[in-house]
Amino acid sequence: MLSISLNTVRTRWTHFVGAFLAVALGVGLTASMGLALAATLDAPQHLKEQDPDAVFTVNAMLATAATVTTFTSVFIVASTFAFAVAQRQREFGLLRTAGATPRQIRTVVVVEALLVGGVAALAGCLLGRLGGPELVAWMIDERLAPSWLTVGDQFWPYQLAFWSGLLVALIGALAASRRASRTSAVEVLRESDVDRRIMTGGRWAFGGLLLAVGVVLLVQKIAADPADLLKRKTYTTQPLLLIGAFALLAPVAVRPFVQLVAWLPSRLPGAIGMLARESASASLRRTAAVAAPVLVSVGLVGSLLGASGTVGAGRADEIRNRTTADYVITASSGGRALPGKVTKAVRAVPGTRSAISASTTVEYLLEGVARVPCPGRVVDPASYAELARLPLVEGSLEKLDDRSIIVNEEWPAAAVGQRVDVWRRDGSKSRLTVAGVLRTGTGSDDMYVTAANAPGATPDRIEVRLEPGADRAAVAAGLREAIRGTGATLASTEQWIAVSLPDTKRENRLAGTVVMGLVVLYTLIALAATMVMATSDRRRDLSVLRLTGATGGQVLQIMVLEALTVVVTGAVLGALVSGVNVLGVWSAVSILAGGAAPLSVPWGAMGLAAAACTVVAVSAAVLSATVVVRRAAQAPRVV
């Protein structure tokens, strides 16, 4: 069996190129991110304490990227191995005819996977050795990582990457080996590539399980804990369940979607459109294997960017609805407070009303066990009530005084008139009366107190509203003059919202770009390899087309149209799973906001991902088909 596996890998290498590249890239990315992560974990403690935010950003970004990359590699490798086995039905039929047992067939497939996976994992480690330092250097250049971060001589990232890559290859081959072992001897008599049964019991079971778990978790979080769906870690990793389910169950929908997508081309004059449609519909394994990277790419881009955009839009809308201010003045990025002369000068600008506030934190006792910190604002109720529109479900801002507090619905005392113990920033304890209850919301300020309950808090924000009839240009000039030379920043309300939201911060945008870039690059390379593997095995089909009178150009047209059909099918399925994931996040934001929240759908990003897949798939199909057609033309014809 070992000699058979070695000969197969050597002579039919095109069947394994997709799996090889998928494993090698996955291992390379894992090793690169592992080396960068090891650099932060093994750094001296005093350096970590110098840049705690940067270290946290690096670790969070690498953990997210590793999770998404691992998910992608598992499904791409499994899909590629399944397709490679499906292409070799006649070969396995010959082995069965020669007396091979199902166990021996399984052994052949597993040994092939170990050979390909082992070599690919070694190649991936070499890629990681080159990519790790480059990744760290890029993060330092983009100010994502501290300048002292360097890749050391740690060996465990290579071990982790190698064995995880080999494990992924083995997992992908095990499912395929079971299908191969069920091949009967009569498969050698098949002359048609029509797939009669592509959905196995294991695929139905695992795909259905992922779909059920994904839907149940999504619905459960929307109903019981919608705030959890707004966390970056949740809306980045949870969509993977539904994307995996769609990828596994895609063959069920491939045929009708292909028929729908190719309906118009099949109606064009000539047989090219009809042949492309029927070829894609008949060979469902090939179509599903090529569509899988497209589905994963478009689905991940749409789900992650759509969820992030929807959460950001919801938070921006909530902040916007909480104030009637036209301008917001904030302290400089390095400052902690606005100078006293700024507050006086701003108040003196004619034609304006202003509200000065400060940030603070108080702690409350949760379930009598732990003290939980809650961020909020220190306000003057009289002036702040003129500019604020707090989402109060009970009580009012005007009733806030030195003996009371405004809390949100998550507090243990969430009813007007109830008493609650709080610990102020200086550690002192006070019992306050609830004057108002805020809707939980999407994560904005969750608590309001007066200055008496925030010792040491200094003003860091001034919200300014124009009086009716005031000249906007004159007011803006007066405000700029009031803050001149103080380091304070003047911005319109919309500008302030855009800058202050966590999802719009440069570091988070770059981190998201890294994750998306890695996923798209990975799937594009896997798509190209799978397309080459699929086309190289179609020598007989293309030869028959040439024998029936089709020119070389017409054969290439059929291949291009078929590739376009499959890519569009995968993109549509990816857009559907993106819609489910984004609508789930939108529902959670709407519940927390108390009304319909803005919905962000990244049509442009999904379109770019689909366009990139189209270019890669068509190019790979044309190049590989050209080689196959030329070889077929040079081979002697058998009549």
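Residues numbered from 1 in each chain as written. Predicted model: local features only at pLDDT ≥ 70, side-chain atom pairs only at ≥ 80, totals over all residues. Heavy atoms only, no water.

## Looking at the overall build of the protein
At step 1: Along the backbone of the protein there are 21 helices and ten strands.
At step 2: Judged by the C-alpha coordinates and their principal axes, the protein covers about 100 × 60 × 45 Å.
At step 3: The long-range fraction of contacts in the protein, counting pairs at least 24 apart against all pairs at least 6 apart in sequence, stands at 81%.
At step 4: Taken as a whole, the protein presents about 28600 Å² of accessible surface, with 62% of it coming from carbon and sulfur.
At step 5: If the 60 positive side-chain charges of the protein are averaged to one point and the 45 negative ones to another, these points end up 10 Å apart. (Helix = DSSP H or I, 4+ residues; strand = E, 2+ residues; numbered from the N terminus. Contact = heavy atoms within 4.5 Å. Areas by Shrake-Rupley, 256 points an atom, 1.4 Å probe, with all protein chains shown as cover. Lys, Arg positive; Asp, Glu negative; His and termini not counted. Charge placed at Lys NZ, Arg CZ, Asp CG, Glu CD.)

## Notes on the pattern of salt bridges
Two side chains that carry opposite charge are able to pair once their charged atoms sit near each other.
At step 1: Scanning all chains against the criterion turns up 15 salt bridges.
At step 2: As a salt-bridge pair, Arg 286 and Glu 562 come within 3.2 Å of each other at their nearest N and O atoms. Residue Arg 286 is located in helix H13 (residues 284-321), and its partner Glu 562 is located in helix H20 (residues 552-593); the two are separated by 276 residues in the primary sequence. One exposure class covers both Arg 286 and Glu 562, and it is buried.
At step 3: Residues Arg 353 and Glu 386 are paired through a salt bridge, measuring 2.8 Å at the closest nitrogen-oxygen approach. Linking Arg 353 in strand S2 (residues 352-366) with Glu 386 in helix H15 (residues 381-387), this pair joins segments that are 33 residues apart in sequence.
At step 4: Connected through salt bridges with shared partners, the residues Lys 221, Asp 228 and Lys 231 form a single ionic network. (Salt bridge = Lys/Arg side-chain N within 4 Å of Asp/Glu carboxyl O. Buried < 20%, exposed > 50% of the residue type's maximum accessible area, 1.4 Å probe, protein only.)

## So, a nonpolar patch on the surface
At step 1: There is a patch of nonpolar side chains on the surface, built from Phe 206, Leu 209, Val 213 and Leu 217 and spanning about 330 Å² of accessible area.
At step 2: One can find Val 213 in helix H8 (residues 201-224). (Patch = residues over 30% accessible without salt bridge, like charges linked within 9 Å, V, L, I, M, F, W, Y side chains within 5 Å.)

## Thoughts on a positive patch on the surface
At step 1: Among the surface-exposed residues, Arg 103, Arg 106, Arg 178 and Arg 182 lie close enough to one another that they form a single positively charged patch.
At step 2: Examined against the element boundaries, Arg 178 turns out to sit in helix H7 (residues 156-181).

## Observations regarding the packing of aromatic side chains
At step 1: A complete count under the given rule lists four aromatic pairs for this structure.
At step 2: Consider the rings of Phe 155 and Tyr 158, whose centres lie 6.2 Å apart with planes at 45 degrees: the pair is tilted.
At step 3: Its relative accessible area of 54% is what places Phe 155 among the exposed residues. (Phe/Tyr/Trp six-rings, centres within 6.5 Å; stacked < 30°, edge-to-face > 60°.)

## Re H13
In an α-helix, one full turn covers 3.6 residues, which means residues spaced three or four apart are oriented alike.
At step 1: End to end, H13 covers 51 Å across 38 residues, agreeing with the expected 56 Å (1.5 Å per residue, within 8%).
At step 2: Residue Ala 291 marks the point of greatest curvature in H13, where the axis turns by about 30 degrees; the proline Pro 293 follows within four residues. (Expected span 1.5 Å × (residues − 1). Bend = angle between axes of the 7 residues up to and from the residue.)

## Some points on the nonpolar core
Within soluble globular proteins, side chains that are nonpolar generally end up buried alongside one another.
At step 1: Of all hydrophobic cores here, the largest spans 115 residues; its most connected members are Phe 81, Met 139 and Leu 300.
At step 2: Residues contacting Met 139, with those up to four places away along its chain left out, are Ala 36, Val 58, Met 61, Leu 144 and Ala 145. (Core = buried A, V, L, I, M, F, W, Y, C linked by side-chain atoms within 4.5 Å.)

## Remarks on the environment of Ser 404
At step 1: Along the polypeptide, Ser 404 turns up in strand S5 (residues 404-408).
At step 2: C-alpha of Ser 404 to C-alpha of Leu 490: the two residues are 86 residues apart in sequence and 32 Å apart in space.
At step 3: If sequence neighbours within four positions are ignored, Ser 404 has contacts with Lys 399, Leu 432, Thr 433, Ala 435 and Asn 453.
At step 4: Within polar-contact distance, the side chain of Ser 404 engages the backbone nitrogen of Asp 401 at 2.7 Å. (Polar contact = N/O pair within 3.5 Å; in protein donor to acceptor, adjacent residues only side chain to side chain.)

## Here we look at the pairing of strand S7 (residues 429-438)
At step 1: Burial analysis of S7 places seven of its ten residues in the buried class, the great majority of the element.
At step 2: By the bridge criterion, three bridges tie strand S4 (residues 392-395) to S7 in an arrangement that is antiparallel. Across the sheet, Gly 395 pairs through a bridge with Gly 436, a residue of S7.
At step 3: Note: S5 against S7, five bridges, orientation parallel. (Pairing = 2+ DSSP bridges.)

## A closer look at the confidence of the model for the protein
At step 1: On average, residues of the protein carry a pLDDT of 84, and 92% of them reach 70 or more.
At step 2: Averaged pLDDT values over the elements of the protein bottom out at 71 in helix H1 (residues 2-11) and peak at 96 in strand S8 (residues 448-449). (pLDDT = per-residue confidence, 0-100.)

## So, the pairing of strand S3 (residues 370-379)
At step 1: By the bridge criterion, ten bridges tie S2 to S3 in an arrangement that is antiparallel. Each bridged residue has a counterpart across the sheet, and for Tyr 364 the counterpart in S3 is Val 372.
At step 2: Between S2 and S3, which pair antiparallel in sequence order, lie three residues; one of them, Glu 367, sits at a positive phi of approximately 55 degrees.
At step 3: Alignment of S3 against S8, held across two bridges, turns out to be parallel. Bridge pairing links Val 378 to Val 449 in S8.

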